[in-house]
Amino acid sequence: MKWNLFLCLSVFVISYGFSQTIFNKDSLTVLADSLHNNSEYEKALLVRTHAIKLINNTSKEYQSYINAKYFHTNSSNLEFKSYNYHNLDKSITKKAREQYLDSALQSATKARDLYINAKYPDRIFQYQLQNRIYHQTAYLGNWKHALKEAQLGFKILKDTLSEKDKTFVDLIYDIGYIYSQLGDYSKAVKNYQTSLDLYKSIIGENHTDVAQAYNNIAVEYRNLGLRKKELESLLKAKSIWENIDEDDDKHFLYSCYGNLFYWYSYYGDYEKAEEYILKKKRLRALAKTTKVNGFLRNKEEIYIDKLSEWYDLMVHYSRKKDTINTIFYAQNILKSIPTDKNLLNFEVSKKSSTLKLYASLLKRDKPSEALRFLDKAISIQKNYKTKYYSDAFSYQLYKVELLIELNKYIEAESLLEELNDLSKNYDISNRFKLSIFKAKTAQSLLKTKKAQKYFDDAFLLLKNSDLGLEQIDIKDLKPLISFETIDGFLAMGDFYMEIYKNDDSKINFKKAIHRYLLASKIYNQLYLGQRYNERLFIINNSINDRLLNAASKSLENKSLLTKIINTIENNGSKLTWSKFVFSTQRQLLHLSQNLINEEESIKAQLNFYQNSIVSSKENSEEKIMLWKDKVYEWKESLSKIQDSIKQQSSTYHQFNIKAFDVATLQPTLKLDEGILKYILTEKDLYVFLILKENIYLLPSINKKVFVNTLKIGLQNLKNRNEDYQNSFKELKELLFNKINYQDYKKLTIIPDGALYYFPFEALLLDENMPLISYASSLMLYQEQNKTAVTFNKVNVGAFAVSNTNNRLPKTTTEIKNILNIFNGKAYINPSKNEFFKQASQYNVLHLAMHSNIDEVNPEFSSLNFYGEKMNKLLISELYNENFNANMAVLSACDTGNGFYENGEGVISLSRAFNYAGIPSTVMSLWKVDDEATEIIMTFFYKHLDFGETKDEALKNAKLDYLSNTEDPLLKHPYYWAGFVLTGNTNALVEYHNNWFYLLILPLLPIFIYRKSLFKFFKK
């Protein structure tokens, strides 16, 4: 009532001064425009109705303008009502929504028709009409027509507004979105990237529009196969939305978490993927505290979200090779999508994709049924092409791949001919796959020339320079960084290697090597430098297998050997190396106390929840999941603060991306020193011998023969079998095949696979044995050896624990003997907290206590300090610590033992101390004998005091043990071979030629065995 009275008074006053130009609009139109801009469309329509009544005396052009304004507002009002489909309080049917939109589009089109012939048009108003037309057309699902209408809008704005006007940028973004819906992902990326750059210059980086652009461009990168770029964009979007932390943006963040889940699942980092599932659940639960369905506005959105989550989990579990869960989610999807009516757009996508995945599950055991499922998916895509722009091409490509796997090459060739004519319309990723499949099919049908042409066509698709194919390096390729691209280049290499086997042509051999090396470089760009996973390991292993097999055919080519060993090292896990670098680099920084306190607070929270999971006797799945969620949360917080610490190091980032080159390691070796790097592939064991002035690849060893021999040797060792010598002799012949080890004074072993569990000293120990030490990688070994030798006074922090329920009676004597040799302090039965408080003041840490190995959760393996509660020092806790010590002697049992993880090595306590910045560790490979440990450790420290290097001291300690042990049973390698040295071998004490120590050394056994001798003479 009040509003109508106000309107009548306004009309009465305004009618006396009615304007006739768009540049000097009448007051009623000004009022209506204001109401329209505030989305008060009903009120605006009332004012526009009155305005129309008063325009009889105005120009025809102005009358057209006012009438167009009315229809524009009416269109906006009808469109606004269609939004009630997404409003739970005013829910309308899907049909009603479409009717509103259709009426809105008719009204907007009527407004444009009325105003189209204006002599001096208001260009902004023209665009506003066009904006509504392309939006409403898109909402009705007519994306092709929407693109035409949006492009008309672009023509209007191009000459009207600056490119830095946000309205103009929004339009560029919208056109990108339309291209995406039409499946033209390259043009979508181009528009998104343009809008992204302009958004950042107009509104800055930290804005939701920028985050949306990053998120959407990431989805297009996925569609184009640009997986590395996809992740980079998603992480930027995530960072912006998390920093904004606005409730209105939480549903965008929810979507971003879903995309990150999907990426990490593709990459094979299942733990990280599942972390994002938990993040999604937490956001959804938070949203439900304010709204019944949280982000989801109606039944359709709830349905879409449910199907999407099931689909993501289905794909995730299929990648994990969890068939039961994969089938469970696949069946849920297929049961939920109706079969008796037309499908909705998202149902077409999810049903087709689910049928395709089902086919992949069935292909091995039921190939015919697999093809039937795939044909169903293709049929659905074709049936809905006109309505939803669905596309069967990628499904047909997968059918070709399946036919090739099933050796149905004629059928594959026929389908490929059909697809070839269509391929020009598709992105480079699909065309690359098509060329690879054409080549594989031709190769299988013995059409070698055609196969070569198709393989080269695939290569040419990615060429991004004027160089010839054989001169192309990674920098000259388009950034199609994905596992699928790697597979393509490996297939090219395999083709040329097969030709080389037949014709012995060096040209074909070089072509094969070139493509294998490109595959390895693409892999290197995809690998994030973090923890390895099974998918990374399988791909890297297949690359290494090919490179090493090729190298074995050209053993005299030292340049090739160097390239291959560098490639293998640079593609291996960088996790331990990067953690060690971080820990050593941060010691050089002057960090603020506030930053240190914040980091310590986060670590305390993280350690608390990790320990809670380990020590909990709770059966509550809900509570365990909550704690795991907290662990993910605090790990991320710790990662962020440690990233900020890295930023303070001027050299860290440069150093962290620096590639390994064996040529920089070789000059640091002495002439009588060698490194043996063992590499296990699917079928063989390879060995590189790296010397100061040369590199050799030794003859490969059959993997099955090696594994069986090693298994017998390990059993004989750990079971203390007396007849171990023959198995050791066989193992020695395999591992040192063509190596005259006695020519070297020092050997460093880089093991692989089960070799991590075997001490090489057990095969070689005698006076002429070279000094033996170990490292997990060449990169880590090189970095550990950069630790400066300062010959500071040795100060030992000795921590010994003998719990009442599990005693180690000799640990106290062991500690006492060590502190008779070096300065330091003994901590008998310390708590874990006491260790953390005291450890930083010592340059040698000695830990004598029990340990636990957790085979299920390796990072929950622990050293057991004194006490019953919270006494376990977990590997995961050590990962986040930083110690100043030059050496850690882990005199506990199994400190070098643990779960072997492909690509990472053994997840052991020793490795955790490397993470914490300690360059040398002495570790045990099994549950070592308490008394033997005491004797060996005493001799070890005594030899260190003579100024011997650590590897020499450990060798001599073992020899001393053997020469002073009379019982033949106690001379079994089980008693003395278990302790090995990893990392830096430099001496702790400056060498001094002191004959006094040599004189008293023979008396040392009398001191150690004094009680036994006293009893003997007393008899």
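- As named in an unreviewed UniProt entry, the chain is CHAT domain-containing protein, taken from Flaviramulus basaltis.

## Things to note about the overall build of the chain
So, step 1. Across its full length, the chain carries 45 helices and 16 strands.
So, step 2. For the chain, the C-alpha atoms occupy an extent of roughly 135 × 70 × 50 Å along the three principal directions.
So, step 3. Taken over 1019 residues, the chain has a buried fraction of 55%.
So, step 4. In the chain, the share of contacts with a sequence separation of at least 24, taken over all contacts with a separation of at least 6, comes to 70%.

## Observations concerning the UniProt feature "coiled-coil region" (unreviewed entry) in the chain
So, step 1. Mapped onto this structure's residue numbering, the UniProt feature "coiled-coil region" (unreviewed entry) falls at residues 707-734.
So, step 2. The distance separating the terminal C-alpha atoms of residues 707-734 is 11 Å; by composition the span is 79% helix and 0% strand.

## Thoughts on the UniProt feature "repeat: TPR" (unreviewed entry) in the chain
So, step 1. Per the UniProt annotation, the sites labelled "repeat: TPR" (unreviewed entry) are residues 169-202.
So, step 2. Annotated as 91% helix and 0% strand, the span residues 169-202 places its first and last C-alpha atoms 9 Å apart.

## Comments concerning the packing of helix α2 (residues 27-37) against helix α4 (residues 60-82)
So, step 1. Their axes nearest at 11 Å, the elements α2 and α4 cross at an angle of 20°. It follows that α2 is roughly parallel to α4 by the angle criterion. Helix-helix and strand crossings are classified by hand; for α2 and α4 the assignment is left-handed. Counted together, T29, D33 and H36 of α2 and Y62, I66, K69, H72, T73 and S76 of α4 form the full contact between these two elements.
So, step 2. Tallied by class, residues from the contact of α2 with α4 come to 2 nonpolar, 5 polar and 2 charged.

## Some words on the sheet that holds strand β11 (residues 872-874)
So, step 1. Pairing is antiparallel across the open sheet formed by 3 strands, whose spatial order is β9-β10-β11. Either end of the sheet is taken by a strand with one partner, and the two such strands are β9 (851-852) and β11.

## Considering the nonpolar core
So, step 1. In terms of nonpolar packing, the biggest core is built from 173 residues, with F432, L477, I486, F489 and F688 touching the most fellow members.
So, step 2. Sequence-distant contacts of I486, that is, excluding residues within four places in its chain, are made with A519, I522, Y523, L526, I539 and I543.
So, step 3. Judged by nonpolar contacts, the second largest core, of 78 residues, contains L689, Y741, A800 and A957.

## As for the pattern of salt bridges
So, step 1. For the structure shown, the criterion picks out 39 salt bridges.
So, step 2. A salt bridge links E901 to R531; the shortest N-O distance between them is 2.8 Å. Residue E901 is located in strand β13 (residues 899-901), and its partner R531 is located in the loop between α24 (506-526) and α25 (534-551); the two are separated by 370 residues in the primary sequence.
So, step 3. Of the residues examined, E901 reaches a relative accessible area of 16% and is grouped as buried.
So, step 4. With a closest N to O distance of 3.1 Å, R911 and E904 form a salt bridge.
So, step 5. Given the relative accessible area of 8%, E904 is considered buried.
So, step 6. Residues joined by salt bridges that share partners form a network here, namely K25, D33, R48 and K69.

## What about the packing of aromatic side chains?
So, step 1. Under the defined criterion, the tally for this structure stands at 49 aromatic pairs.
So, step 2. Between the aromatic rings of F835 and F836, the centroid separation amounts to 5.8 Å while the plane-to-plane angle is 50°, which identifies the pairing as tilted.
So, step 3. Residue class for F836 comes out partly exposed when judged on its relative accessible area of 23%.
So, step 4. Joined through ring pairs, the aromatic side chains of F799, Y827, F835, F836, Y842, F865, F883 and F913 make up one cluster.
So, step 5. The residue whose ring lies beneath R319 is Y262, and the NZ or CZ to ring-centre distance is 4.8 Å.
So, step 6. Cation over ring: R535 sits above Y266, and NZ or CZ is 4.8 Å from the ring centre.

## Observations concerning unusual backbone geometry
So, step 1. Look at D245: it is not a glycine, yet its phi comes out positive at around 55°.
So, step 2. Phi is positive for N407, close to 65°, though the residue is something other than glycine.
So, step 3. Within the secondary structure, N407 is located in the loop between α19 (393-405) and α20 (409-420).

## A closer look at a nonpolar patch on the surface
So, step 1. Taken together, the side chains of F80, Y83 and Y139 make up a nonpolar region of the molecular surface, amounting to roughly 280 Å² of accessible area.
So, step 2. Along the polypeptide, F80 turns up in helix α4.

## Brief notes about the pairing of strand β6 (residues 795-800)
So, step 1. In terms of burial, β6 is a largely internal element, 5 of the 6 residues being buried.
So, step 2. Note: β6 against strand β7 (residues 823-828), 6 bridges, orientation parallel. Each residue of the ladder has a partner; that of F799, found in β7, is Y827.
So, step 3. The pairing of β6 with strand β8 (residues 844-848) spans 5 bridges and is classified as parallel. Bridged to A800 within β8 is A848.

Calculation criteria
- Residues numbered from 1 in each chain as written.
- Predicted model: local features only at pLDDT ≥ 70, side-chain atom pairs only at ≥ 80, totals over all residues.
- Heavy atoms only, no water.
- Helix = DSSP H or I, 4+ residues; strand = E, 2+ residues; numbered from the N terminus.
- Buried < 20%, exposed > 50% of the residue type's maximum accessible area, 1.4 Å probe, protein only.
- Contact = heavy atoms within 4.5 Å.
- UniProt positions renumbered as here; feature names shortened; annotations may be inferred.
- Axes fitted to C-alpha atoms, helices over the stretch in contact; angles between N-to-C directions.
- Parallel < 35°, antiparallel > 145°, perpendicular 65-115°, else oblique.
- Left-handed = near helix turned anticlockwise from the far one by under 90°.
- Nonpolar A, V, L, I, M, F, W, Y, C, P; charged D, E, K, R; others polar.
- Pairing = 2+ DSSP bridges.
- Core = buried A, V, L, I, M, F, W, Y, C linked by side-chain atoms within 4.5 Å.
- Salt bridge = Lys/Arg side-chain N within 4 Å of Asp/Glu carboxyl O.
- Phe/Tyr/Trp six-rings, centres within 6.5 Å; stacked < 30°, edge-to-face > 60°.
- Lys NZ or Arg CZ within 6 Å of the ring centre and 35° of its normal.
- Patch = residues over 30% accessible without salt bridge, like charges linked within 9 Å, V, L, I, M, F, W, Y side chains within 5 Å.
- Areas by Shrake-Rupley, 256 points an atom, 1.4 Å probe, with all protein chains shown as cover.

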